[in-house]
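Fold and geometry: a report
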2 protein chains.
Amino acid sequence: MSTTQTSKIEIIKSSTTKINSVDFENLNFGAVFTDHLFECDFKNGKWQKPVIKPYAPFLIDPSTRVFHYGQAIFEGMKAYKDDNDDIWLFRPDENYYRFNKSAVRMAMPEVPSAIFMEGLNELLRLDEAWIKKGKGNTMYIRPFMIATGTGVVANPSDEYKFMILLSPAKAYYSGEVKVLIAEHFSRAANGGIGSAKAAGNYAAQFYPTNLANKEGFQQVIWTDDATHTKLEEAGTMNVFFRINDTLLTAPVSERILDGVTRKTLIDLAKSKGIDVEVRPVLVQELVEASKNGTLKEIFGAGTAAVVNPIVGFSFREVYYELPKIENSYALQLKEHLTNIQHKLADDTFGWTVKV
Amino acid sequence: MSTTQTSKIEIIKSSTTKINSVDFENLNFGAVFTDHLFECDFKNGKWQKPVIKPYAPFLIDPSTRVFHYGQAIFEGMKAYKDDNDDIWLFRPDENYYRFNKSAVRMAMPEVPSAIFMEGLNELLRLDEAWIKKGKGNTMYIRPFMIATGTGVVANPSDEYKFMILLSPAKAYYSGEVKVLIAEHFSRAANGGIGSAKAAGNYAAQFYPTNLANKEGFQQVIWTDDATHTKLEEAGTMNVFFRINDTLLTAPVSERILDGVTRKTLIDLAKSKGIDVEVRPVLVQELVEASKNGTLKEIFGAGTAAVVNPIVGFSFREVYYELPKIENSYALQLKEHLTNIQHKLADDTFGWTVKV
Ligand SMILES: Cc1ncc(COP(=O)(O)O)c(C=O)c1O
Ligand SMILES: Cc1ncc(COP(=O)(O)O)c(C=O)c1O
């Protein structure tokens, strides 16, 4: 290991690399990590010296707050390498902003941009050999923060750890995605933490999603918990519905994550002259549109899954299959988005940021 | 360290003890732990060999699921030492049952009784010097389970760690407790995880509770998230309301934790001839009862706080003070309950279990 120092970040380089043991053509999502990680601790009311160091386990006390009270948030972003070996981020300011919004809701300290952004850029540069060129290759980025104070009393921690991990990634889902529309279980409460990327929101979905999996559905589309009549979002994706040639998606709210892919697709669709309506979408409306043949597409939108076409949905034990169509909005939007991300199409929106 | 082996649990004894450094008269809740902890890992689809070992930090990977997706549950119980130096648990089967109920809802493996109960008993016997005699002294017990599988993909883990920590405890709250009735924020959704003792439920409450603290309220009483008209529970306590001489408390539901203290107090109150109504209690009803003088008491009920009288509540910026009364139900019930727990009163219900 060799230690160098940039202006602010201490860099402890790994003396070895795992890169040669990785099969970049066959990656399970989120399973492989690069040689280094970024870390910064919050203690005594302030952020301590940030460090980039070899990816490795760390010591933790059994009474650490994150284990007992779930005070933890994360983000999901991606980096892309273009044909000139330049590395690009996609709307990183959106993730940075949302991370701190999540931090506030979870009573955690906000992370300064100098730590989040410079840490991320420095880490990507150090492990740049892990970022592969070509469409379909991406570097998934996982910034996260956990409560590291100790003591089993249900109060906010006074110490935190912020980290960034890098994980080379291919596609998230493989195979066809069928969804189940939630009738009983819910993801978020009014006045709850649904719009925060809080760790606890995800574990809450595992059991109902397992039940859906057993019936042959890969994902659940959540509905509002009070009436189960409004379509909200999927576990890790916002959802779009195409009825005739109009694209519909629910407005973001306290219950729904304000997805970067969602807002990007809305702008892209509009720029293509597609009619987009952001308004509550009712389950009943979807069922009727399916019955009368006007429902053309459903797709999920998220950083990990990008744009994910859905082949059918189930509601009250009835399965509704989607038609196979030409000129799918999902595929057009996905193509355009990934071309912008990989610098293969003009970025007229100014979304891509060079590392 | 010396290693012995009971029938099933490996015991690695600490070669030193921290007990002499502890001021048992001035304990902050949940801050001090005994010399040992109990641990059992779940791997390859089964529970591994349980072990009791010195309390110490352990190594963990940064991509461990509990950090990213909040898959974590816990319990809170207490042990008491009577004047004959016998150690007693209070309704431990209730906590064991609830723990596994939480496990199912969070898509985690259930813990066999042979691990949970024998681990707990063995640990209490080993660290029995830490359990002090006399009313007001208790040993707080924290069984918990975390997802220890690695990888940043939002699916249930395939590995888990179950642990039991012991923390000597005095009172939970000190000073007067005023509460704020939630009008905007919520604790749980219909079809959500409110009735599970899931870690994420607690961090979700920190921010709104901080806001309440700033206005001078120690706790929030949560209302149903759909209408905010029904009184549900506090952060770590169920809630009772006394209007005239009737004791009211909300029915448990998917949104409300089925508290052991709550069900115990219902039985105790009934045995004293107190009229108890388990039914939805409306905020409006509480406000009216306060205005017309029929609201006599509000109190919280939970293992940590035992029975906690509340001196007033705020709703829509108006503060309603509770009268000072003789023959408070809260104090009568607390006295009776703690006498049973400390073996100073007959346990006609069969709630206490000898270790
Ligand atoms: C609950 C939820 N909804 C939606 C999304 C999609 O958001 P984004 O497009 O910013 O990745 C995600 C993933 O980040 C998510 O976790
Ligand atoms: C949310 C919540 N409600 C109520 C309680 C009271 O339950 P018990 O009496 O079983 O401790 C607790 C504490 O355990 C709790 O965490």
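In this text, all values refer to a predicted model and were calculated from it rather than measured experimentally.

Let's shift gears to the overall build of chain A. Each helix and strand in chain A was counted, giving seven helices and 22 strands. Computed over its C-alpha atoms, the radius of gyration of chain A comes to 21 Å, within 12% of the 20 Å expected for a compact globule of 355 residues. Judged by the C-alpha coordinates and their principal axes, chain A covers about 65 × 50 × 35 Å. Long-range contacts, defined as pairs at least 24 residues apart, comprise 71% of the intrachain contacts of chain A with a sequence gap of at least 6. By element, 48% of the accessible surface of chain A is carried by carbon and sulfur atoms, the whole surface being about 13600 Å². Of the side chains in chain A, 40 bear a positive and 43 a negative charge, and the two mean positions are spaced by 2 Å.

These two copies of the chain differ by a rotation about an axis and a displacement along the same axis. Expressed as a screw operation, the relation of chain B to chain A combines 0.0 Å of axial shift with a rotation of 180°, fitting to an RMSD of 0.0 Å. Taken together, these values place the two copies in the relation of a two-fold axis.

This brings us to the nonpolar core. In terms of nonpolar packing, the biggest core is built from 136 residues, with F67, M145 and F162 of chain A together with F67, M145 and F162 of chain B touching the most fellow members. Beyond its immediate chain neighbours, meaning those up to four positions away, F162 of chain B contacts F38, E39, C40, W47, F99, V111, I115, F116, P143, F144 and M145 of chain B.

All right, on to the packing of helix α2 (residues 92-105) of chain A against helix α3 (residues 113-126) of chain A then. The packing of two helices is summarised by the inter-axis angle and the distance between the axes. Residue and element names in this part refer to chain A. Packing of α2 against α3 brings their axes to within 11 Å, and their N-to-C directions diverge by 140°. With respect to α3, the axis of α2 lies oblique. Handedness of the crossing formed by α2 with α3: right-handed. Residues P92, D93, Y96 and F99 of α2 lie in contact with α3, whose contacting residues are S113, F116 and M117. Of the residues belonging to the contact of α2 with α3, the class tally is five nonpolar, one polar and one charged.

As a further point, take the site of ligand 2. Residue and element names in this part refer to chain B. As a matter of local geometry, ligand 2 sits amid 16 residues, with K197, Y202, E233, T261 and T303 nearest to it. At a separation of 2.5 Å, an oxygen atom of ligand 2 approaches a polar side-chain atom of T261. Side-chain polar atom of T303 to an oxygen atom of ligand 2: 2.6 Å apart, as the coordinates give it. With the chains in place, 97% of the 380 Å² that ligand 2 exposes on its own is no longer accessible. Counting residues per element, the ones that place at least two in the shell around ligand 2 are α5 (260-271) and β19 (295-302).

In this section: the environment of D61 of chain A. Relative to the assigned elements, D61 of chain A resides in the loop between β6 (58-60) and α1 (65-69). We classify D61 of chain A as buried; its relative accessible area is 19%. Separated by 88 residues in sequence, D61 of chain A and G149 of chain A have C-alpha atoms that sit 8.9 Å apart. If sequence neighbours within four positions are ignored, D61 of chain A has contacts with F67 and T150 of chain A together with Y55, P57 and F58 of chain B. Of note is the side chain of D61 of chain A, whose polar atom sits 2.5 Å from the side chain of Y55 of chain B.

On to the interface of chain B and chain A, then. Chain B puts 60 residues into the contact, and the matching count from chain A is 60 residues. Interface of chain B and chain A: buried area, both sides summed, is about 5000 Å²; carbon and sulfur atoms make up 66% of it. Broken down residue by residue, the surface that chain B buries against chain A is led by P62, F67 and F206 of chain B, which jointly contribute 14%. There are 24 residue pairs in polar contact (both at pLDDT 80 or more) connecting chain B and chain A. Put simply, the parts of the chain that give the side of chain B that touches chain A at least two residues each are β6 (58-60), α1 (65-69), β7 (72-74), α2 (92-105), β10 (138-147), β11 (160-169) and α4 (199-214) of chain B. Of the residues forming the side of chain B that touches chain A, the biggest block, nine residues, is contributed by α4 of chain B. Of the residues that constitute the side of chain B that touches chain A, the class distribution is 40 nonpolar, 15 polar and five charged.

So, on to the site of ligand 1. Residue and element names in this part refer to chain A. Taken together, 16 residues surround ligand 1, and among them K197, Y202, E233, T261 and T303 come closest. Between an oxygen atom of ligand 1 and a side-chain N or O atom of Y202, the distance comes to 2.4 Å. One of the side-chain nitrogen or oxygen atoms of T261 is found 2.6 Å away from an oxygen atom of ligand 1. Of all the secondary-structure elements, those providing two or more residues to the shell around ligand 1 are α5 (260-271) and β19 (295-302). Its residues placed into classes, the shell around ligand 1 shows five nonpolar, seven polar and four charged.

All names here are of chain A. In this structure, D35 sits in the loop between β2 (10-13) and β3 (36-43). K18 provides the closest opposite charge to the buried, unpaired D35, separated from it by 4.6 Å. Side-chain polar atoms of D35 contact the side chain of W130, separated by 3.2 Å. Those residues in contact with D35 that sit more than four places away from it in its chain are S14, T16, T17, K18, I19, K53, P54, Y55, D127 and W130.

This part covers helix α3 (residues 113-126) of chain B. With 14 residues, α3 of chain B ought to run about 20 Å at 1.5 Å a step, and its terminal C-alpha atoms sit 19 Å apart, in line with that. Listing the buried residues of α3 of chain B in full gives I115, F116, M117, G119, L120, N121, E122, L123 and L124 of chain B.

For a regular strand, side-chain orientation follows a simple rule: the groups alternate between the two sheet faces. Residue and element names in this part refer to chain B. Judged by how many residues are buried, β11 sits mostly within the fold: 10 of 10 residues are covered. Of the strand pairs in this sheet, strand β3 (residues 36-43) and β11 are connected by five bridges, and their pairing is antiparallel. Counterpart to E39 in the pairing with β11 is M163. Sheet topology note: the β10/β11 ladder contains 10 bridges and is antiparallel. By the bridge assignment for β11, P143 is matched with I164.

As enumerated under the stated definition, the model contains 43 aromatic pairs over all chains in all. With a centroid separation of 5.6 Å and 85° between ring planes, the pair formed by Y69 of chain A and F74 of chain B is classed as edge-to-face. Separated into two different chains, Y69 of chain A in helix α1 and F74 of chain B in strand β7 make up a pair that spans both. The two residues Y69 of chain A and F74 of chain B agree in class, both being buried.

Residue and element names in this part refer to chain A. Domain boundaries assigned for chain A yield domain 1 (2-169) and domain 2 (178-341). Placing the centre of domain 1 and that of domain 2 at their C-alpha centroids yields a distance of 28 Å. Listed per partner, the contact involves 20 residues of domain 1 and 24 residues of domain 2. Note on domain 1 versus domain 2: buried area summed over both sides is about 1900 Å², and carbon and sulfur give 58% of it. The interface formed by domain 1 and domain 2 holds 14 residue pairs in polar contact (both at pLDDT 80 or more) in total. Elements represented by at least two residues in the side of domain 1 that touches domain 2 include exactly β7 (72-74), β8 (77-81), β9 (87-90) and α2. The dominant element in the side of domain 1 that touches domain 2, judged by the number of residues it contributes, is α2, at six residues. Partitioning the side of domain 1 that touches domain 2 into residue classes produces nine nonpolar, three polar and eight charged.

Positioned with a positive phi, N327 of chain A is a non-glycine residue whose angle comes to about 50°. Its identity is not glycine, yet D85 of chain B carries a phi of approximately 70°, on the positive side. Among the structural elements, D85 of chain B can be located in the loop between β8 (77-81) and β9 (87-90). Here D85 of chain B falls in the partly exposed class, since its relative accessible area comes to 43%.

About the cut-offs
Residues numbered from 1 in each chain as written. Chains lettered and ligands numbered in written order. Predicted model: local features only at pLDDT ≥ 70, side-chain atom pairs only at ≥ 80, totals over all residues. Heavy atoms only, no water. Helix = DSSP H or I, 4+ residues; strand = E, 2+ residues; numbered from the N terminus. Rg over C-alpha atoms; globule rule 2.2 N^0.38 Å. Contact = heavy atoms within 4.5 Å. Areas by Shrake-Rupley, 256 points an atom, 1.4 Å probe, with all protein chains shown as cover. Lys, Arg positive; Asp, Glu negative; His and termini not counted. Charge placed at Lys NZ, Arg CZ, Asp CG, Glu CD. Least-squares fit on C-alpha atoms with pLDDT ≥ 70 in both. Core = buried A, V, L, I, M, F, W, Y, C linked by side-chain atoms within 4.5 Å. Buried < 20%, exposed > 50% of the residue type's maximum accessible area, 1.4 Å probe, protein only. Axes fitted to C-alpha atoms, helices over the stretch in contact; angles between N-to-C directions. Parallel < 35°, antiparallel > 145°, perpendicular 65-115°, else oblique. Left-handed = near helix turned anticlockwise from the far one by under 90°. Nonpolar A, V, L, I, M, F, W, Y, C, P; charged D, E, K, R; others polar. Near = heavy atom within 4 Å. Polar contact = N/O pair within 3.5 Å; in protein donor to acceptor, adjacent residues only side chain to side chain. Buried area = accessible area lost by both parts, 1.4 Å probe. Salt bridge = Lys/Arg side-chain N within 4 Å of Asp/Glu carboxyl O. Expected span 1.5 Å × (residues − 1). Pairing = 2+ DSSP bridges. Phe/Tyr/Trp six-rings, centres within 6.5 Å; stacked < 30°, edge-to-face > 60°. Domains from an automatic or database assignment.

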